[in-house]
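# Chains, contacts and geometry: an overview
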Amino acid sequence: MNIKQLEVFRAVLSTGSTMGAAKSTGLSQSGVSRMIQHLESDLNLTLFQRVKGRLVPTPEARTLEAEAKTVLLNLARFSQLADEIRTGASETEAVRIGLPSSMWENFAPAMLKDYREGFPGVRVETFFETTMTIQRMIDQRVIDFGFLRHEGEISPGIRLEIVAEGRSVAVMQRDHPLAARDVIRPEDLRGEPLIMLGRLRAHRVMLDRLLQNEAVRADVRIETHSNSSACAYAAEGLGIALASSFYANLYKHLPVVQRPFEPRLTQRFGIATAEGVPMSLAAKGLMAALKRQIERSQVDE
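Heads up: these notes are all about the structure in this document. (Residues numbered from 1 in each chain as written. Predicted model: local features only at pLDDT ≥ 70, side-chain atom pairs only at ≥ 80, totals over all residues. Heavy atoms only, no water.)

### Observations concerning the packing of helix H2 (residues 18–25) against helix H3 (residues 29–43)
Between two packed helices, what matters for the description is the angle formed by their axes and the separation of those axes. For the pair H2 and H3, interaxial distance at closest approach is 8 Å and the crossing angle is 100°. In terms of orientation, H2 lies roughly perpendicular with respect to H3. Taking contact as the criterion, the partners of Thr-18, Met-19, Ala-21, Ala-22 and Thr-25 in H2 are, on H3, Gln-29, Val-32 and Ser-33. Residues of the contact of H2 with H3, tallied by class, amount to four nonpolar, four polar and no charged. (Axes fitted to C-alpha atoms, helices over the stretch in contact; angles between N-to-C directions. Helix = DSSP H or I, 4+ residues; strand = E, 2+ residues; numbered from the N terminus. Parallel < 35°, antiparallel > 145°, perpendicular 65-115°, else oblique. Contact = heavy atoms within 4.5 Å. Nonpolar A, V, L, I, M, F, W, Y, C, P; charged D, E, K, R; others polar.)

Given below as structure tokens:
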């Protein structure tokens, strides 16, 4: 038994003739008759009596009629759902993404606005976490993918696609005396109040080492754990923030400027996924929106 046989069966019942069924299904009358014969053979039931060239439904056919309608309706719904998934209109699908906390304010809303245009019905769940937590959430299949800083160690079973780079910069108020310089060096920070990212981060360890090598005592007034807060503190004149240009570029709307820090320190960022786990079309669409927003955010004004 196949779906086409059920369609012909329903068509004969609804039109009352093989001619009507032929018109509605696009088959010939003989084709309709053969379909019915094959269905009867498959079911080992007589569904129609042949009376003067007409097919008269048997009680068994009437009993099966409602079930055939249900099967065909479910098939239509199945096909419609597949179309909705493919076009992003499905309201039953969800995508979960992990992002650093510094990307919640402007980056994530712009990314989701872009994504919604192509996938209007998909529910998105965002998690703002540290690199280590995002890796763990991918391992545990809590999220579909995540964006994180590549710090040299990636958990086994996680694939990382590098999609962005940054360099260390000094972020300060626009009217700060050091804003007139093209480059900021360790000796320029002597006596300046600093805003630094957490001491356990690889980037912070390298900065501390550079300052020590130049005999510069870091006057850390604020220690924070997100690039967004570091830039916000700098905007209020609380000190000079040493951060990655990647994140500093997300906060160009603040009254701050960024200047390259020398010696040059670079950072790499990537999209992490679970190795060997297929991605849904909706998840791939969100990943594409993430990449587009990264490109937009890093364009020099």
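What follows continues from the structure just given.
### Examining the pairing of strand E8 (residues 219–224)
In terms of strand pairing, strand E7 (residues 193–197) meets E8 through five bridges, oriented parallel. Counted as the bridge partner of Met-196 is Glu-223 from E8. (Pairing = 2+ DSSP bridges.)

### What to know about helix H7 (residues 202–213)
Compared with an ideal rise of 1.5 Å per residue, which puts twelve residues at 16 Å, H7 spans 17 Å between its outermost C-alpha atoms and is within 8% of the ideal. Of all the residues in H7, the buried ones are His-203, Arg-204, Leu-207, Leu-210 and Leu-211. Along the long axis of H7, the arc covered by the buried residues comes to 125°, so they all point the same way. Away from its buried face by more than 90 degrees, H7 exposes Gln-212 and Asn-213. Contacts from the buried residues of H7 go to strand E5 (145–150), strand E6 (158–173), E7, E8, strand E9 (240–244) and strand E11 (266–274). Remark: Ala-215 follows H7 within two positions and exhibits a positive phi of approximately 60°. (Expected span 1.5 Å × (residues − 1). Buried < 20%, exposed > 50% of the residue type's maximum accessible area, 1.4 Å probe, protein only. Arc of directions from axis to C-beta.)

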